[in-house]
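Working through the structure, step by step
Letter by letter, the chains look like this.
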2 protein chains.
Amino acid sequence: MQTISSSSSDALLVQLEATHIASGQVRTLSDARKQALLERLAAHVESATVTILEANRKDLDRMDPADPKYDRLLLDGSRLASLAQSIREVAALPDPSGAVLVERDLPNGLHLRKVSVPLGVVGVIYESRPNVTLDVTALCLRSGNAAVLRGGADAFETNTVLTQIIQTILEQEGLSRDCVTLLPTDRELIKTLLTATRFVDILIPRGSESLIRFVRENSLIPVIETGAGVCHTYVHAEANLDKASAIVVNAKVSRPSVCNALDTVLVDEGVAAGLLERLGPELQKWRVELFADPMSYALLVSMGYPHLQEARPEDYGREFLDYKCSVKVVRNLDEALEHIRQFSSRHSEAIVSEDAGICRRFLESVDAAAVYANASTRFTDGGVFGLGAEIGISTQKLHARGPFALEKLVTEKWIVEGNGQVRG
Amino acid sequence: MQTISSSSSDALLVQLEATHIASGQVRTLSDARKQALLERLAAHVESATVTILEANRKDLDRMDPADPKYDRLLLDGSRLASLAQSIREVAALPDPSGAVLVERDLPNGLHLRKVSVPLGVVGVIYESRPNVTLDVTALCLRSGNAAVLRGGADAFETNTVLTQIIQTILEQEGLSRDCVTLLPTDRELIKTLLTATRFVDILIPRGSESLIRFVRENSLIPVIETGAGVCHTYVHAEANLDKASAIVVNAKVSRPSVCNALDTVLVDEGVAAGLLERLGPELQKWRVELFADPMSYALLVSMGYPHLQEARPEDYGREFLDYKCSVKVVRNLDEALEHIRQFSSRHSEAIVSEDAGICRRFLESVDAAAVYANASTRFTDGGVFGLGAEIGISTQKLHARGPFALEKLVTEKWIVEGNGQVRG
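A quick note: this is a predicted structure, and the numbers were derived from the prediction, not measured.

Description of the overall build of chain A
Scanning chain A from N- to C-terminus turns up 14 helices and 16 strands. Its C-alpha atoms give chain A principal-axis dimensions of about 70 × 65 × 45 Å. Buried positions account for 51% of the 424 residues belonging to chain A. Long-range contacts, defined here as pairs at least 24 residues apart, represent 72% of the contacts in chain A between residues at least 6 apart.

Structure follows, in structure tokens:
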């Protein structure tokens, strides 16, 4: 056992080094060649629809159709067409590499430039969605990066065929097939990947909370964490309550399963009754279950709101991902800010108020990737923000915060040109 | 024991949360107030010279003067004066927070801005140099961040007095003393710090390789790694050999103990003899020990170079930090690039050549924080690059690469202002 495992770990390192070497090829590709590569890839995905769906069928046949992962795994003609379209959209985005960020001449005659350059080798660890294979490949190649893909065992047949298509296109373009590598799904190999600091520059886990935690705890490679969203909307005493109600309802029910959906409503004492009177009938239509603090609980009982529970302490700071949310009455902005400081996951936070000074204080004071005045938190999205497809929403503060998209798949490099300068 | 340890761990978390709360105060300080705070701090450091040196004496008295750490720990009037001067220089640097990086109106009327904002709470783990206490405090406060300082036990008396001075100034300015916190040096508390993801936003280890490795392996908080420099200078067939010799000598001997010093000379076959003839007499003056591959070994033997060894495989990719370097003859640029890919720590890499096309290929292909044509790698430095004092040279690719200075002590925040927008 020992021998098999360490030999396959060695084989993995050989493969990762091959991708590291190949990353030198994509790093120096011209903008036009990177675009052409993606256009060809999109066309090949379309023309290989039958082959891809056959492979996908093999994966699906091993899964119980009642499993919630079944739909995530499923590809069909229309999903593939929209994947090809996404690849074309990435091709049309501007190349994030090659930008001159700083340029200056030093007194000693050295010419100094700081430029954006590809990261190198981007590793992505994901679960059952095979669309990630194409999405990530498109974003990585567009920005001059090689990619190491470690998908889930559920999608292995589909991912294998997709990777073959990608590698065929790479070879047709005179590049090494190692520019994009699909790794075996053996569990014991994950640790080898997470510690391969010489060959992989950045790791992005995509999937469940437990996957992300595992990668964060075990990786020696820098990780971009796209975490949970515990999102608050604070309705201030000077809010327009019709607007506030519409914003809260939208933030909760327009897509409860996503990270920018609302989890907790904070409301100033003086307007709590007015807000809940407007919210109640709307939330009731969606059978939204409310976890209420004593004051809002009393108000909701008096209105006869049917889906009601007393909030327990753990209902604050909880990401519901469902037609559920917690409610709390606060005395003022300061109490709302302190609640958010304690319970926010620093994803998306909103205030509703007609008082511009109060809004400004909220926007300045709240520490989150995205902060809103008088709008729904549901807008936190790479596409909406004008960045194109995103890999996820980063809730950490280094490198990328908020939508993590093509523009951030680069690092910096200082280029120094001289004519013999030495340091005194 | 268990009880004591867990209660002091709880006390540490209480302190870290206090700093997290206090970070809200520094986050929103105006540029002018942050400058004034640092000016006052510099003045107070000067006026408290006697007190600081007394505390420093207590630390020194516990250490063997022959210990190499003794000099790192030692403060005197002139070192303190230059520390106060550094604080004033940081005060004079531009505030990196508050820059509007993106601004646009969306079709639905939302007004979108991406702005630079303070990171929040910056944790620094360091060893015996007490100057770090003042340097880091100045950089953190200038950029609107709170700081958690975990210095070494050797410098505890000095660090305690320095922190008292900082906290006095904070209170005089109407701020919480918790904005800058010095942690106890108990070893078992390090793990509590490394996992306090809710209260500390970023960790920077400063010190030995083993400290940095420990932090990287155990931290759940994102780490900025300032790593080792294994730096190459490649002398190409078309190099001006006088320039090349001057550059190599400077990169090796001007300050061998630092990370941007040269470790390996790569030289094209055709100019190896010419280069070594020029280098030999210069390196001999400094008794530089050379670890040479067979071809350069033969040439150096024929020249009678006295401090010579045959290179073993581990002499490549080795950071010498001393008057030592390895030498290797290569066939051409491609072989040099592949050697650098394999052995570089991606810190600073140089080429010497009069062929502009060859230089361009090297600068584009080499993956390092700083790449040089016809200059010494010794220039990689925040001050030289125009960034002011640096916390270290980052050899990782996320967030900061190369000199990690004031400008990078910020993250981004998306601010979205609307008038009731909801998502369809």
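Some details on unusual backbone geometry
All names here are of chain A. In this structure, Arg346 is a non-glycine residue whose phi angle is positive, near 65°. As for its placement among the helices and strands, Arg346 is situated in the loop between α13 (333-343) and β12 (348-352). The class for Arg346 is buried, based on 25 C-beta atoms found within 10 Å.

Looking at the relation of the copies chain B and chain A
When chain B is fitted to chain A, the best match, at an RMSD of 0.0 Å, comes from turning it 180° and sliding it 0.0 Å along the axis. Put plainly, the chains are arranged around a two-fold axis. Scanning chain B for the C-alpha nearest the rotation axis identifies His399 of chain B, at a separation of 1.9 Å. Of the interface residues in chain B, 100% have counterparts in chain A that sit at the interface too, so the contact is made through matching surfaces.

Some thoughts on the sheet that holds strand β5 (residues 180-182) of chain B
Think of a sheet as strands paired side by side through backbone hydrogen bonds, with each pair either parallel or antiparallel. All names here are of chain B. What the four strands build is an open sheet, ordered β5-β4-β3-β6; its pairing is parallel. Unpaired on one side and paired on the other, β5 and β6 (202-206) mark the two borders of the sheet. Averaged over neighbouring strand pairs, the angle between their axes works out to 15° when direction is ignored. Note: strand β3 (residues 121-126) against β6, five bridges, orientation parallel. Across the sheet, the residue bridging to Val122 is Ile202, located in β6.

Here we look at the interface of chain B and chain A
In many reports, interface size means the accessible area that the parts give up when they come together. With 53 residues of chain B at the contact, the number on the chain A side is 53 residues. Sorting the residues of the side of chain B that touches chain A by element identifies α9 (209-218), α10 (241-253), α14 (356-365), β13 (370-375) and β16 (410-421) of chain B as the ones contributing at least two each. In terms of residue count, β16 of chain B provides more of the side of chain B that touches chain A than any other element does, 11 residues in total. Split into classes, the residues belonging to the side of chain B that touches chain A amount to 22 nonpolar, 17 polar and 14 charged.

Let's talk about helix α2 (residues 31-47) of chain A
All names here are of chain A. With 17 residues, α2 should reach 24 Å at 1.5 Å per residue; the first-to-last C-alpha distance of 25 Å fits that figure. Three or more residues of α2 are buried, namely Lys34, Leu37, Leu38, Leu41, Ala42 and Val45. Taken end-on, α2 shows its buried residues confined to a sector of 135°, consistent with a single buried face. Along α2, exposed side chains directed more than 90 degrees from the buried face belong to Ala32 and Ser47. Elements that come into contact with the buried residues of α2 comprise α5 (77-92), α6 (131-142) and α7 (156-172).

Digging into the sheet that holds strand β11 (residues 324-330) of chain A
What the 10 strands build is an open sheet, ordered β10(A)-β9(A)-β11(A)-β8(A)-β7(A)-β12(A)-β13(A)-β16(B)-β2(B)-β1(B); its pairing is mixed. In the strand order of this sheet, the two ends are held by β10 (308-310) of chain A together with β1 (100-105) of chain B, each with one partner. Across the sheet, the mean angle separating the axes of adjacent strands is 20° when strand polarity is ignored. Relative to β12 of chain A, strand β7 (residues 231-235) of chain A runs parallel, the two sharing four bridges. By the bridge assignment for β12 of chain A, Tyr234 of chain A is matched with Ile351 of chain A. On top of the sheet, α13 of chain A reaches β7, β8 (262-268), β11 and β12 of chain A; it is set at about 140° to β11 of chain A, its chief contact.

Describing the environment of Arg331 of chain A
Residues and elements named next belong to chain A. Here Arg331 shows up in the loop between β11 and α13. Judged by C-beta crowding, with 11 C-beta atoms within 10 Å, Arg331 ranks as exposed. The spacing of Arg331 and Val122 is 209 residues in sequence and 47 Å in space, taken between C-alpha atoms.

Things to note about α14 of chain B
Side chains three or four residues apart in an α-helix point the same way, a direct result of the helix having 3.6 residues per turn. Looking only at α14 of chain B, the buried set comprises Cys359, Phe362 and Leu363 of chain B. Down the axis of α14 of chain B, the sector holding all buried residues measures 95°, keeping them to one side. Residues of α14 of chain B that are buried in the fold lie against β16 (410-421) of chain A together with α13 (333-343), β12 (348-352) and β13 of chain B.

Brief notes about the pairing of β13 of chain B
By the criterion of burial, β13 of chain B is predominantly enclosed, with six of the six residues buried. Here five bridges tie β16 of chain A to β13 of chain B, and the two strands are oriented parallel to one another. When the bridges of β13 of chain B are listed, Gln421 of chain A appears paired with Ala375 of chain B. By the bridge criterion, four bridges tie β12 of chain B to β13 of chain B in an arrangement that is parallel. Looking across to β13 of chain B, one finds that Ser348 of chain B is bridged to Ala370 of chain B.

A closer look at the environment of Trp286 of chain B
All names here are of chain B. Relative to the elements of secondary structure, Trp286 occurs in the loop between α11 (269-285) and β9 (289-292). Looking at Trp286, the number of C-beta atoms within 10 Å reads 14, which means it is partly exposed. As for Trp286 and Val249, which are separated by 37 residues in sequence, their C-alpha atoms are 9.5 Å apart. Not counting residues within four places of it along the chain, the set of residues in contact with Trp286 comprises Val253 and Tyr323.

With respect to the packing of α2 of chain A against α7 of chain A
Residues and elements named next belong to chain A. Here α2 crosses α7 at 135°, and the two axes come no closer than 10 Å. As summarised for this structure, α2 and α7 are arranged oblique, according to the angle between their axes. For the pair α2 and α7, the sense of crossing is right-handed. Here Leu37, Arg40, Leu41, His44 and Val45 of α2 come into contact with α7, specifically with Ile165, Ile166 and Ile169. Residue composition of the contact of α2 with α7, grouped by class: six nonpolar, one polar and one charged.

Section: the confidence of the model for chain A
Of all residues in chain A, 99% attain a pLDDT of 70 or more, and the chain-wide mean is 95. Our summary of model confidence lists the complex with pTM equal to 0.93 and ipTM equal to 0.93.

Some details on the environment of Ala292 of chain B
All names here are of chain B. In this fold, Ala292 is placed in strand β9. For Ala292, a count of 24 C-beta atoms within 10 Å gives the class buried. Ala292 sits 54 residues away from Glu238 along the chain, and the two C-alpha atoms are 22 Å apart.

So, how was this worked out
- Residues numbered from 1 in each chain as written.
- Chains lettered and ligands numbered in written order.
- Predicted model: local features only at pLDDT ≥ 70, side-chain atom pairs only at ≥ 80, totals over all residues.
- Helix = DSSP H or I, 4+ residues; strand = E, 2+ residues; numbered from the N terminus.
- Buried ≥ 20, exposed ≤ 12 C-beta atoms within 10 Å, placed from the backbone.
- Contact = placed C-beta atoms within 7 Å.
- Least-squares fit on C-alpha atoms with pLDDT ≥ 70 in both.
- Pairing = 2+ DSSP bridges.
- Axes fitted to C-alpha atoms, helices over the stretch in contact; angles between N-to-C directions.
- Nonpolar A, V, L, I, M, F, W, Y, C, P; charged D, E, K, R; others polar.
- Expected span 1.5 Å × (residues − 1).
- Arc of directions from axis to C-beta.
- Parallel < 35°, antiparallel > 145°, perpendicular 65-115°, else oblique.
- Left-handed = near helix turned anticlockwise from the far one by under 90°.
- pLDDT = per-residue confidence, 0-100.

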